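What follows is the residue order along each chain.
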Amino acid sequence: MTHRPRLSKKSLLKGYPIGLMYFVRNEDGMYEVLDGQQRITSFARFVNQSWPFAVERNGKPRYFNSLNDDDKELVNHFETVIDWIDGIFEYTGKEMCWQEWGKLYGEYHNNPYAKDDVSSQFDKLLDDPFVTNKCGIPEYILGGSTEKQLLNIRVFDEAIKRNVYKKQTAEAEAEGISNCPFCVVGDGPNSKRIYKLSEMDADHVTAWSRGGSTTEDNCQMLCKTHNRSKGNR
C-alpha cells in the first residue's frame, strides 16, 4: 500500500497546507474533481474506514476511531469548510483559488449570507473594469463589501488629474475662490486658497461603491486634508 494517503492525513493533523484542489461544475450542477481526487478520496476512506489505514500520532499508529476528539475535529473541519464555501458561493472560477479559506471560515462562518445575492454581486464585480484584483472578491464579499483595498480599484491616471485640476483651478480663479470645492464652503482661512496640483488628491464625485466610475467626468480635485476626511467617513 502506498504511504501517500498516510502522509496526507499527517499533514492535515499537523496543520500543514495540503495543496490546492480544483473542482469544475458540470451541466447537471454537480461538481467533478479536476485536481486533488486522491487527497479527497484518502480523507473519506480514512474517516469512513472503508479502506482502513493508520496515521502516526505521538509515536503510535492510529485509525480514525482511535483518534482523540481534537484530532477527529480537525479532520472533520476540512469537510465543514468545504460545505460552508459551497453554501455561499455559486462561482467556482480561478478567483476562488489561493484563498485562505481556513482563516476566512474562522472570521466569517457565523455571518448570514444569501447565496443568490452573493452570486449577483460576484458577477457584477467580475465584470467591473475598475476592479483590478479579482481574487480579492471572495474576501471583500464575506467582509460585508467594505474593504475596497482588497479589490485594488483602479485610480485616476495622471492625465485625468491634470485636466481636472486645470479646469477646476481656472474656474476658481475666475470666481476668486479656492480650487478645493470643500474649502469654499464657509469662511475659513483657505476659502480663497489656490492649491498646487501636488497639494491635492483626485476624488470620485460619486463613490465607486455607489456606481461611480473612475473617469474624468466623475473626478474632482480636493485638498489632501478634505480628501482624507471624506475618505474616513
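Just so it is clear, the structure is predicted and the values come from calculations on it, not from any experiment. (Residues numbered from 1 in each chain as written. Predicted model: local features only at pLDDT ≥ 70, side-chain atom pairs only at ≥ 80, totals over all residues. Heavy atoms only, no water.)

1. What about the overall build of the protein chain?
Counting its secondary structure elements, the protein chain contains nine helices and six strands. The buried share of the protein chain, reckoned over its 233 residues, is 32%. Taking contacts inside the protein chain between residues at least 6 apart in sequence as the whole, the part at least 24 apart equals 51%. Accessible area for the protein chain stands at about 14600 Å²; split by element, carbon and sulfur atoms hold 49% of it. (Helix = DSSP H or I, 4+ residues; strand = E, 2+ residues; numbered from the N terminus. Buried < 20%, exposed > 50% of the residue type's maximum accessible area, 1.4 Å probe, protein only. Contact = heavy atoms within 4.5 Å. Areas by Shrake-Rupley, 256 points an atom, 1.4 Å probe, with all protein chains shown as cover.)

2. Here we look at unusual backbone geometry
Notably, S145 is not glycine yet its phi reads approximately 60°, a positive angle. The partly exposed category is assigned to S145, whose relative accessible area is 25%. Although it is not a glycine, N152 adopts a positive phi angle of roughly 50°. With a relative accessible area of 47%, N152 lands in the partly exposed category.

3. Notes on the pattern of salt bridges
In this structure the tally under the stated criterion is six salt bridges. Here K115 makes a salt bridge to E90, at a shortest N to O gap of 3.6 Å. Separated by 25 residues along the polypeptide, K115 in helix α5 (residues 115-127) and E90 in the loop between α3 (69-88) and α4 (101-108) bring together distant segments of the chain. We classify E90 as partly exposed; its relative accessible area is 36%. (Salt bridge = Lys/Arg side-chain N within 4 Å of Asp/Glu carboxyl O.)

4. Topic: α4
The set of residues buried in α4 consists of W101, L104, Y105 and Y108. Angular distribution of buried residues about the axis of α4 spans 100°; they occupy a single face of the element. (Arc of directions from axis to C-beta.)

5. Let's talk about the nonpolar core
Judged by nonpolar contacts, the single largest core of 22 residues is most densely connected at W84, F89, W101, L125, L142, L151 and W208. Broken down by secondary-structure element, the contributors of at least two residues to this core are α3, α4, α5 and α6 (137-142). The next biggest cluster of nonpolar side chains, apart from the first, holds 12 residues, and it includes F156, Y165, C183 and C223. (Core = buried A, V, L, I, M, F, W, Y, C linked by side-chain atoms within 4.5 Å.)

6. Regarding α5
Spanning 13 residues, α5 covers 18 Å between terminal C-alpha atoms, matching the ideal 18 Å at 1.5 Å per step. For α5, the complete set of buried residues consists of V118, S119, F122 and L125. Seen along its axis, α5 keeps its buried residues to an arc of 135°; they face one direction. Residues of α5 that are exposed and point over 90 degrees away from its buried face: D116, D117, K124 and D127. (Expected span 1.5 Å × (residues − 1).)

7. Points about the packing of aromatic side chains
Applying the stated criterion to the full structure yields five aromatic pairs. Measuring from centroid to centroid gives 6.0 Å for F89 and F122, while their planes differ by 90°, and the two rings are edge-to-face. Linking F89 in the loop between α3 and α4 with F122 in helix α5, this pair joins segments that are 33 residues apart in sequence. The pair F89 / F122 is uniform in exposure class, with both members buried. Every member of this aromatic cluster is reached through a ring pair, and the members are F89, Y91, W101 and F122. (Phe/Tyr/Trp six-rings, centres within 6.5 Å; stacked < 30°, edge-to-face > 60°.)

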